[in-house]
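Here are the chains, one letter per residue:
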Amino acid sequence: MRDQQKPSASVLLNLHPGRMLDRAQVAGIVHLVASSIPDLSPKQVSIIDQTGALLSANGESAATGLDPGQLNYIRQVESGHIARILAILEPIYGRDNVRAQVSADVDFTQSEQTAEQFKPNQGTEPAAVRSMQTLEAKDANGAATQGVPGAMSNQPPVAATAPANAAAQNPQAAGQPGAQGGAPGRKEATTNFEVDKTVRVTRAGSGIVKRLTAAVVVNHKKVTAADGKVTYVALQAPEIENVNALVREAIGFTKDRGDSINVVNAPFSRDDAAKEPDLPLWKQPDIIDMAKEGARYLGLLLLALIVIFAVIRPAIKSLAPKPPPPAPRVSETVENDLALPAPDAAAGADTPALPNPNEAILKMARENPAAVAHVVRGWVAKEG
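Residues numbered from 1 in each chain as written. Predicted model: local features only at pLDDT ≥ 70, side-chain atom pairs only at ≥ 80, totals over all residues. Heavy atoms only, no water.

Trainee: What's the story with helix α5 (residues 237-251) in this structure? I'm lost.
Mentor: Structurally, the α-helix is built with 3.6 residues per turn, so residues lying three or four positions apart point the same way. Along its 15 residues, α5 runs 21 Å from first to last C-alpha, staying within 8% of the 21 Å computed at 1.5 Å per residue. Residue G252 follows α5 closely and has a positive phi angle near 70°. (Helix = DSSP H or I, 4+ residues; strand = E, 2+ residues; numbered from the N terminus. Expected span 1.5 Å × (residues − 1).)

Dropping the structure here:
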């Protein structure tokens with residue numbers, strides 16, 4: 001058990017040119033692989049593409065302590081503020097005349113606080129009674145038993161020293177049994193009050209921007225003279241202050257959290273020769289790869305068409321039954337009958353006698369006059 005190692009998996013993906021996977025698709029592949037192997041954690045699955053780029057970045061970064069999702073969120077916050085700065089300054093100073101960088105300090109810590117507070121029932125507010133109990137006990141003989149047990153308690157009572165009008169001075173005690181002998185019983189009352197309790201749970205939000213720092217560089221202003229000569233002049237102090245104010249409003253500057261902005265006006269380098277020209281569309285590597293991929297599929301399609309028309313189709317035709325020959329037309333039959341050869345007088349006497357063609361023509365004219373008329377029209381047309 002001590003020497004047992006946890007399973008791990010490595011996956012290499014060969015993506016089509018110009019294609020990429022989003023985080024949801026990569027997470028789906030990771031969990032699919034992790035579910036296929038027992039005791040395999042998704043954090044132990046590594047996925048890269050054919051270029052060597054890591055697609056599944058599980059765990060935390062050793063340098064910053066943040067996972068890829070948090071790093072991506074920080075980049076989104078920074079790029080969003082940069083886009084706001086450029087969107088508000090480029091219409092004034094022109095495109096490619098403003099450079100901006102924003103650094104965001106984002107707090108991803110999550111804290112939870114629970115507090116219980118008990119307040120005494122004091123002050124002018126009435127207290128909430130939880131329970132009340134009253135206990136009252138009386139002597140059954142009507143007189144209270146008092147004194148110390150022993151011989152001294154058996155002595156005869158002394159003479160009364162109370163005034164004659166004691167009942168008038170204490171009317172409440174006159175009518176109570178055992179008033180002269182002491183209290184006849186006891187009375188107890190217990191009251192329980194509710195104690196105030198406040199429970200407060202506070203959770204701090206994750207992904208809070210703690211501090212923003214922005215650096216903005218604006219190119220010198222372009223000035224065109226009357227003769228058409230172009231010069232670049234530095235911005236004046238009021239113009240720089242206007243840029244500073246616009247940047248503050250664009251990023252939501254807050255002084256209390258320690259945000260800082262630095263706006264600098266400096267001339268940009270105009271070294272156009274050092275700038276590499278953009279590759280034309282047909283020379284870009286992605287377009288070339290896509291064209292090769294399309295040519296391969298097109299070649300497969302042409303090969304399939306050649307096989308179909310050169311091999312499969314002739315084989316099907318050879319297996320199909322041949323159609324019967326067409327029947328001769330009525331006009332051809334009539335022409336053949338009318339074109340019977342005349343009897344040859346020079347032939348020998350052994351030649352059999354042929355039927356009279358006039359009778360055959362008359363018979364055919366009676367049976368099929370339309371065909372005979374068609375043949376005659378054809379002769380007339382030929383002679384004309």
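Trainee: Would you mind going over a nonpolar patch on the surface with me for this structure?
Mentor: A cluster of nonpolar side chains, namely L298, L301, L302, L303, L305, V307, I308, F309, V311, I312 and I316, defines an oily patch on the protein surface of about 1,000 Å² accessible area. Judged by its relative accessible area of 41%, I312 falls in the partly exposed class. (Patch = residues over 30% accessible without salt bridge, like charges linked within 9 Å, V, L, I, M, F, W, Y side chains within 5 Å. Areas by Shrake-Rupley, 256 points an atom, 1.4 Å probe, with all protein chains shown as cover. Salt bridge = Lys/Arg side-chain N within 4 Å of Asp/Glu carboxyl O. Buried < 20%, exposed > 50% of the residue type's maximum accessible area, 1.4 Å probe, protein only.)

Trainee: How should I be thinking about unusual backbone geometry in this particular structure?
Mentor: Peptide bonds are trans in most cases, and residues, glycine excluded, mostly fall at negative phi. For D39, which is not glycine, the phi torsion reads 60° and is therefore positive. Within the fold, D39 resides in the loop between α1 (23-36) and β2 (45-49). Looking at D39, the relative accessible area reads 71%, which means it is exposed.

Trainee: Would you mind going over the pairing of β2 with me for this structure?
Mentor: Regular strands have side chains that alternate between both faces of the sheet. Of the two faces of β2, the one holding V45, I47 and D49 is buried and the one holding S46 and I48 is not buried anywhere. Bridge count for strand β1 (residues 9-13) against β2 is 5 bridges, and the pairing is parallel. Of the residues in β2, the one forming a bridge with V11 is I47. One crossover worth recording links β1 to the parallel β2 by way of α1, and it is right-handed. (Pairing = 2+ DSSP bridges. Right-handed = clockwise from strand over helix to strand, strands pointing away.)

Trainee: Before we go on, may I ask you to explain the packing of aromatic side chains in this structure?
Mentor: We describe a pair of aromatic rings using the distance from one ring centre to the other and the angle between the two ring planes. Per the counting criterion, the structure on display carries 1 aromatic pair. Centre to centre, the rings of Y73 and F108 are 5.9 Å apart; their planes meet at 75°, and the pair counts as edge-to-face. Placement of Y73 in helix α2 (residues 68-93) and of F108 in the loop between β3 (98-107) and β4 (112-119) is noted, with a sequence separation of 35 residues between them. Note on Y73: relative accessible area 34%, which makes it partly exposed. Overall, F108 belongs to the buried group, its relative accessible area being 15%. Lying over the aromatic face of Y297, R296 brings its terminal NZ or CZ to 5.4 Å of the ring centre. (Phe/Tyr/Trp six-rings, centres within 6.5 Å; stacked < 30°, edge-to-face > 60°. Lys NZ or Arg CZ within 6 Å of the ring centre and 35° of its normal.)

Trainee: Would you explain the environment of R99 in this entry?
Mentor: You can see R99 is positioned in strand β3. Classification of R99 as partly exposed rests on a relative accessible area of 44%. Sequence separation of R99 and V216 is 117 residues, and the distance between their C-alpha atoms is 5.8 Å. Here R99 is in contact with A215, V216, V217 and F268, once residues within four sequence places are set aside. (Contact = heavy atoms within 4.5 Å.)

Trainee: I keep staring at the sheet that holds β3 and nothing clicks. Help me out?
Mentor: Where strands meet in a sheet, backbone hydrogen bonds hold them as pairs that are either parallel or antiparallel. Within the open sheet, the 3 strands sit side by side as β3-β8-β11. Their pairing is mixed. Lying at the two open borders of the sheet, with one neighbouring strand each, are β3 and β11 (260-265). Strand-to-strand twist in this sheet, taken as the mean axis angle between neighbours without regard to direction, amounts to 10°. Lying over the sheet, α5 contacts β8 (208-218) and β11, oriented at roughly 145° with respect to β11. (Axes fitted to C-alpha atoms, helices over the stretch in contact; angles between N-to-C directions.)

Trainee: Help me out: how do you make sense of the pattern of salt bridges in this one?
Mentor: Pairs may arise between side chains of opposite charge once their charged atoms sit close together. Per the counting criterion, the structure on display carries 4 salt bridges. A salt bridge links D259 to R257; its shortest N-O distance comes to 2.6 Å. On the accessibility criterion, R257 (27% relative accessible area) is partly exposed. Between R296 and E293 there is a salt bridge; the shortest N-O distance is 2.5 Å. Taken together, the residues R296 and E293, both in helix α6 (residues 285-319) and 3 residues apart, mark about one turn of the helix.

Trainee: What am I meant to see in the nonpolar core here?
Mentor: Burial of nonpolar side chains together is a common tendency in soluble globular proteins. By size, the foremost hydrophobic cluster in this structure holds 23 residues, and its most contacted members are I85, L89, Y93, V216, V243 and V247. Secondary-structure elements contributing two or more residues to this core are α2, β3, β8, α5 and β11. Ranked by the residues each element gives to this core, the list is headed by α2, at 6 residues. Core analysis: the next-biggest nonpolar cluster, separate from the first, contains 11 residues, V30, A34, L40 and V45 among them. (Core = buried A, V, L, I, M, F, W, Y, C linked by side-chain atoms within 4.5 Å.)

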